[in-house]
Amino acid sequence: MIVVSRERNYNIELLRVISCILVVCIHVSNVYSRAYGEVSGGTYLFSLITNCFSRVAVPVFFMISGYLLLEENVSLRKSVHRVLHTLMVLVFWSVLYYIWNIVFWDDRYDFATLFEEPVKKHLWFLYAILGMYIALPFFQLLFKKMSRRLTEYFVVLWVFFLTFYYVLALADMEFTYPVPMVGNSSYLGYFVMGYIIRYLSEENQLGSKLCFTIAIAAGIINIGLTCCGTWVSGSHEEIFFQYRNPLIAICSLGVFAGIVEHGRIRFTEAQKTLMQMISRHSFTIYLSHIIFLDIVKEEMEPLDLPGWIGIPFYTIGIFLVTFAFAVAADNAWKHLRQYLPKAIV
């Protein structure tokens, strides 16, 4: 289906860098959004705007993984290595945050909930991606053999069940027996859609402008729904920020497809070097930025700044500090890994 180029794709690098920054922005925006009633109406609205459009970050991370991995040849050895490595990362960061929560928050994690809720909420991404990696060889073989008609059928079913299950959830009617593959995981859908967009965009392109227009329209509608829900309930309403919300899906797909279909973006060598560096440490940035967010929430008064100043200020500040930490931590790990079994590193 796809002719694989060995040249680095800087459109994908750009997506990864943007998503890395936006993940930090999500959690900073949450501080302001969840303070509804304590902050001004303007600050709350600004936090909804940044919160909503930043939500594309996690689906884009899944799509990047699918874009890059599903076209690879099936290799059980690589897959097992990827699973073991991710499992080791999950264990390490779970232990680290367990200790951090005790020392910093005096909060002890209940290990009885280990398979329901991670030690720190953002670690759910590792739970989800670990499942993708376990099943990856089957998906690699399956989707490479699928015809265009079956691929389009998958897209239609995934969008339908994503919307159907979400509407049921809004009505407090959770579906007990979801349809396998196309209906039981929004994250799997994002993962596969990354590959499908790569495949379909070679033949049919909507165009970057249309993709971004659709993404912006979906985001605006979602912000409006959140405002209405908050006004009706009298408290900040987060249900429209869930990743299974089809509007979040449309917004995320629009951003991803818009940059993928843009064509080769010209960057200077300095810009390429910076993107590669951030991209190389993006995983550690994602995993560790909550430490510095916790420090900001506990030791500073972020709500003292209006949202239009505080959100970009703390987002950029936390990102830069976390980036420096990630570079140091990854370099330390690079030296340490030579003493560990090759199967897990």
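This text follows the structure it describes.
Predicted model only: the values in this text are computed from it and were never measured.

Reading the values: the criteria
- Residues numbered from 1 in each chain as written.
- Predicted model: local features only at pLDDT ≥ 70, side-chain atom pairs only at ≥ 80, totals over all residues.
- Heavy atoms only, no water.
- Helix = DSSP H or I, 4+ residues; strand = E, 2+ residues; numbered from the N terminus.
- Expected span 1.5 Å × (residues − 1).
- Buried < 20%, exposed > 50% of the residue type's maximum accessible area, 1.4 Å probe, protein only.
- Contact = heavy atoms within 4.5 Å.
- Patch = residues over 30% accessible without salt bridge, like charges linked within 9 Å, V, L, I, M, F, W, Y side chains within 5 Å.
- Areas by Shrake-Rupley, 256 points an atom, 1.4 Å probe, with all protein chains shown as cover.
- Salt bridge = Lys/Arg side-chain N within 4 Å of Asp/Glu carboxyl O.
- Disulfide = S-S within 2.5 Å.
- 1 Å grid on protein atoms, 1.4 Å probe; cavity = no way out; pocket = protein on both sides within 12 Å on 5 of 7 lines; lining within 4 Å.
- Points joined across faces, edges and corners; volume = space filled by probe spheres on them.
- Nonpolar A, V, L, I, M, F, W, Y, C, P; charged D, E, K, R; others polar.
- Polar contact = N/O pair within 3.5 Å; in protein donor to acceptor, adjacent residues only side chain to side chain.
- Axes fitted to C-alpha atoms, helices over the stretch in contact; angles between N-to-C directions.
- Parallel < 35°, antiparallel > 145°, perpendicular 65-115°, else oblique.
- Left-handed = near helix turned anticlockwise from the far one by under 90°.

K.L.:
Could you give an account of helix 6 (residues 148-170), naming the residues involved and the relevant values?
P.N.:
For helix 6, which comprises 23 residues, the first-to-last C-alpha distance of 33 Å matches the rise-based estimate of 33 Å (1.5 Å per residue) to within 8%. Restricting attention to buried positions, one finds in helix 6 the residues Thr151, Phe154, Val155, Trp158, Phe161, Leu162, Tyr165, Tyr166, Leu168 and Ala169. As for helix 6, its buried residues are in contact with helix 5 (124-145), helix 7 (186-200) and helix 9 (246-260). Phi turns positive one or two residues past the end of helix 6, at Asp172, with a value near 55 degrees.

K.L.:
Please provide a residue-by-residue account of a nonpolar patch on the surface, values included.
P.N.:
Together, Leu87, Val91, Val95, Ile99 and Val103 make up a nonpolar patch on the protein surface, roughly 450 Å² of accessible area in all. Positionally, Ile99 belongs in helix 4 (residues 76-105). For Ile99, a relative accessible area of 46% translates into the label partly exposed.

K.L.:
I'd like to hear about the state of the cysteines, residue by residue, with values.
P.N.:
Across all of its chains, the model carries zero disulfides by this definition. Just so you know, Cys228 is unpaired, no disulfide at all, and the nearest cysteine sulfur is the one on Cys227, 6.9 Å from it. For Cys228, a relative accessible area of 48% corresponds to the partly exposed category. Lacking any disulfide linkage, Cys251 is separated from the closest cysteine sulfur, that of Cys52, by 5.8 Å. When its relative accessible area of 3% is taken as the criterion, Cys251 is described as buried.

K.L.:
Lay out unusual backbone geometry with the relevant residues and their values.
P.N.:
One non-glycine residue, Asp172, lies in positive phi territory at about 55 degrees. Among the secondary structure elements, Asp172 is positioned in the loop between helix 6 and helix 7. Located in the positive-phi region is Met181, a residue other than glycine, with phi close to 75 degrees.

K.L.:
Would you mind going over the layout of surface pockets in detail, with residue names and values included?
P.N.:
Space inside the second largest pocket adds up to approximately 980 Å³. Around the second largest pocket sit 34 residues that line it, and His27, Asn30, Arg34, Lys121 and His122 are the ones nearest its centre. When contributions to the lining of the second largest pocket are tallied by element, the ones reaching two or more residues are helix 1 (10-33), helix 4 and helix 11 (282-299). Partitioning the lining of the second largest pocket into residue classes produces 17 nonpolar, five polar and 12 charged.

K.L.:
Kindly report on helix 9, identifying the contributing residues and their values.
P.N.:
Every α-helix carries 3.6 residues per turn, so stepping three or four residues along brings you back to the same face. With 15 residues, helix 9 extends 20 Å between its outermost C-alpha atoms, agreeing within 8% with the 21 Å of an ideal straight helix rising 1.5 Å per residue. With a side-chain oxygen lying 2.9 Å from the backbone nitrogen of Leu247, the N-terminal cap of helix 9 falls on Asn245.

K.L.:
Outline empty space enclosed by the protein, listing residues and values.
P.N.:
Inspection of the entire model under this criterion finds one cavity of 30 Å³ or more. In this structure, the largest cavity encloses a volume near 40 Å³. When residues of the lining of the largest cavity are traced back to their parent elements, those giving at least two are helix 1 and helix 11. Across the lining of the largest cavity, the residue classes tally to seven nonpolar, no polar and one charged.

K.L.:
I'd like to hear about the environment of Tyr243, residue by residue, with values.
P.N.:
You can see Tyr243 is positioned in the loop between helix 8 (208-233) and helix 9. For the pair Tyr243 and Tyr187, spaced 56 residues apart in the sequence, the C-alpha separation amounts to 8.1 Å. Among all residues touching Tyr243, those that are not within four sequence positions of it are Ile26, Arg55, Val58, Pro59, Trp124, Ser186, Tyr187, Tyr190 and Ile248.

K.L.:
Outline the packing of helix 2 (residues 41-54) against helix 8, supporting the account with residue identities and numerical values.
P.N.:
The contact between helix 2 and helix 8 brings their axes to 10 Å, and the two run at 135 degrees. One finds that helix 2 runs oblique with respect to helix 8. Crossing handedness for the pair helix 2 and helix 8: right-handed. Counted together, Tyr44, Leu45, Leu48, Ile49, Cys52 and Phe53 of helix 2 and Ala215, Ile216, Gly219, Ile220, Asn222, Ile223, Thr226, Cys227 and Thr230 of helix 8 form the full contact between these two elements. When the residues that make up the contact of helix 2 with helix 8 are grouped by side-chain class, the tally is 11 nonpolar, four polar and no charged.

K.L.:
Account for the pattern of salt bridges, with residues named and values stated.
P.N.:
Two side chains bearing opposite charge may form a pair once their charged atoms approach each other closely. Scanning the entire structure with this criterion turns up eight salt bridges. Arg16 is paired through a salt bridge with Glu13; the nearest N and O atoms lie 3.1 Å apart. Separated by three residues within a single helix, Arg16 and Glu13 lie in helix 1, roughly one turn from each other. Residue class for Glu13 comes out buried when judged on its relative accessible area of 7%. Lys272 is paired through a salt bridge with Glu269; the nearest N and O atoms lie 3.7 Å apart. Highlighted residues: Lys272 and Glu269, both in helix 10 (residues 269-280), separated by three residues, approximately one helical turn. Lys272 gets classed as partly exposed once you look at its relative accessible area, which sits at 21%. Among the charged side chains, a network of salt bridges with common partners joins Arg8, Glu13 and Arg16.

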